[in-house]
Amino acid sequence: MTVTIKDAAGIEGMRVAGRLAAEVLDYLTPFVRPGVTTNELDRLAHDYIVNVQGAIPAPLNYAPNGYQPYPKSICTSVNHVVCHGIPNDKPLKKGDIVNIDVTVIKDGWHGDTSRMFLVGEVAPHARRLCEITYQAMWKGIELVRPGARLGDIGHAIQRFAEAAGYSVVREFCGHGIGRKFHEDPQVLHYGQPGTGLELRPGMTFTIEPMINQGRREIRELGDGWTIVTKDRMLSAQWEHTVLCTEDGYEVLTLSPGAPPPPAFVRAAGASAPA
């Protein structure tokens with residue numbers, strides 16, 4: 001395992017890329033409404049990243065080993081889609097939930113974040129799944145500090161989600177990020193405290209739990225990218241890129257339009273710099 005430690009210049013590059021990724025989601029927010037297609041959201045995001053931010057959409061033509069090149073600039077995962085949903089011409093409808101996942105490259109650095117969006121009025125059970133998943137992500141984030149271990153993060157997320165009656169997807173996880181889209185380490189969203197890699201200042205990685213309403217089993221669709229719940233029940237995901245600092249953490253993908261941390265995090269005084 002080769003984990004990159006960012007120096008001051010690298011950290012600043014990651015701050016810029018993370019902020020830009022979050023601002024794409026801010027920009028898209030008013031467009032996420034009944035009747036819009038995810039292809040239209042992809043077009044809006046692509047134009048904003050390229051023409052306004054002067055950045056590159058990392059997913060477009062991304063082709064890890066064994067995969068066909070990803071054909072779009074963002075991922076849009078609707079309802080029972082767990083992750084890697086490919087934008088298409090099907091309009092969103094009232095009651096849908098959708099995860100929009102954005103990664104931008106700016107000056108060689110990657111910023112990666114995703115949010116859940118509620119399309120019009122949604123059912124209480126769908127809203128609760130999104131809220132619990134958001135809180136689960138922050139349960140993991142708030143444990144980031146030098147000397148903590150990756151197992152601490154995964155255990156906190158798993159315990160919180162399962163206590164709420166949900167299941168944690170295990171086949172996909174968070175990851176180191178920097179000059180490369182996906183670096184070491186893998187950041188599992190389940191595990192045992194006190195196990196796994198010890199965190200050090202300068203590490204940057206994503207925490208991005210995928211939480212299912214029903215069972216945790218998943219399957220891949222024929223396009224080679226889209227992952228869905230096997231039981232076709234709902235799934236939700238949130239994602240932030242996080243820096244391990246000398247005395248805690250900094251969330252690099254916060255922006256004016258990002259939801260605030262849950263009350264339990266604010267009470268602990270943890271956040272990104274002003």
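Everything numeric in this text was worked out from a predicted model, so none of it was measured. (Residues numbered from 1 in each chain as written. Predicted model: local features only at pLDDT ≥ 70, side-chain atom pairs only at ≥ 80, totals over all residues. Heavy atoms only, no water.)

### Observations regarding the UniProt feature "binding site: a divalent metal cation 2" (unreviewed entry) in the protein
Note the cut-off: UniProt positions are given in the numbering used here, feature names are shortened, and annotations may be inferred rather than shown by experiment. Whether two residues touch is decided by their heavy atoms; if any such pair falls within 4.5 Å, the residues are in contact. Polar contacts, as counted here, are pairs of nitrogen or oxygen atoms within 3.5 Å of one another; within protein the pair requires one atom able to donate a hydrogen and one able to accept it, and residues that are adjacent in sequence qualify only if both atoms are side-chain atoms. We count a stretch as a helix when DSSP gives it H or I for four or more residues in a row; a strand needs E for two or more, and each element gets its number in order from the N terminus.
Following the UniProt record, the feature "binding site: a divalent metal cation 2" (unreviewed entry) maps to Asp112, His175, Glu208 and Glu239 here. In terms of the greatest pairwise C-alpha distance, the residues named above, spread along 128 residues, form a tight cluster of at most 10.8 Å across. Non-local contacts of Asp112, meaning those with residues more than four positions away in its chain, are made with Ala21, Asp101, Val102, Thr103, His175, Ile177, Phe181, Thr206, Glu239, His240, Thr241 and Thr253. Here the side chain of Asp112 touches His175 through a polar contact of 3.3 Å, side chain to side chain. Examined against the element boundaries, His175 turns out to sit in strand β7 (residues 174–176).

### Notes on the environment of Asn39
Along the chain, the position of Asn39 falls in helix α2 (residues 38–52). Measuring from C-alpha to C-alpha, the distance between Asn39 and Glu171 comes to 27 Å, with 132 residues separating the pair along the chain. Beyond its immediate sequence surroundings of up to four residues, Asn39 is in contact with Lys72, Pro87, Asn88 and Asp89.

### Description of helix α1 (residues 8–28)
Rules: By this rule, a helix spans an expected 1.5 Å times one less than how many residues it contains.
Given a rise of 1.5 Å per residue, 21 residues ought to cover 30 Å, and the 31 Å separating the end C-alpha atoms of α1 matches this to within 8%. Capping of α1 at its N-terminal end is provided by Asp7; its side-chain oxygen lies 3.2 Å from the backbone amide nitrogen of Ala9.

### Concerning the pairing of strand β9 (residues 204–207)
The following threshold applies: Accessible area is worked out with a 1.4 Å probe on protein chains only. A residue is then buried under 20% of its type maximum, exposed over 50%, and partly exposed in between. Here, strands pair whenever DSSP counts at least two bridges between them.
Neither face of β9 is left uncovered, since the one carrying Thr204 and Thr206 and the one carrying Phe205 and Ile207 both have all their residues buried. In terms of strand pairing, β9 meets strand β14 (residues 240–244) through 4 bridges, oriented antiparallel. In the sheet register, Ile207 faces β14, and the bridge partner there is His240.

### Observations concerning the side chain of Gln237
Its location among the elements puts Gln237 in strand β13 (residues 235–237). Discounting chain neighbours no more than four positions away, the residues touching Gln237 are Val82, Cys83, Asn99, Ser114, Arg115, Met116, Thr133, Glu208, Pro209 and Met210.

### Examining the nonpolar core
Worth spelling out the cut-off: As used here, the term nonpolar core means buried Ala, Val, Leu, Ile, Met, Phe, Trp, Tyr and Cys residues forming a set that is joined through side-chain atoms within 4.5 Å.
Counting residues in each nonpolar core, the largest one holds 35 residues, and the members touching the most others are Val144, Ile153, Leu199 and Ile207. Elements represented by at least two residues in this core include exactly α3 (124–141), α4 (150–163), β9, β14 and β15 (249–251). The dominant element in this core, judged by the number of residues it contributes, is α3, at 9 residues. Setting aside residues up to four positions removed in sequence, Ile207 forms contacts with Met137, Gly140, Ile141, Val144, Ile153, Ile157, Val187, His189, Trp238, Glu239, His240 and Val242. Ranked by size, the runner-up nonpolar core spans 22 residues in total, among them Val32, Leu44, Ala45 and Ile100.

### Some words on α2
Between its first and last C-alpha atoms α2 spans 20 Å; for 15 residues at 1.5 Å apiece the expected length is 21 Å, and the two agree. Turning to α2, its buried residues number three or more, namely Thr38, Asn39, Leu41, Asp42, Leu44, Ala45, Tyr48 and Ile49. At its buried positions, α2 is contacted by α1, β1 (56–57), β2 (75–78) and β4 (97–106). The positive-phi residue at the C-terminal boundary of α2 is Gly54, with phi of around 60°.

### Overview of the environment of Val3
By the element assignment, Val3 lies in the segment before α1. Given the relative accessible area of 22%, Val3 is considered partly exposed. A sequence separation of 202 residues divides Val3 from Phe205, and the C-alpha atoms of the two residues are 9.9 Å apart. If near-sequence neighbours (up to four positions away) are discounted, Val3 is found in contact with Asp184, Pro185, Leu197 and Met203.

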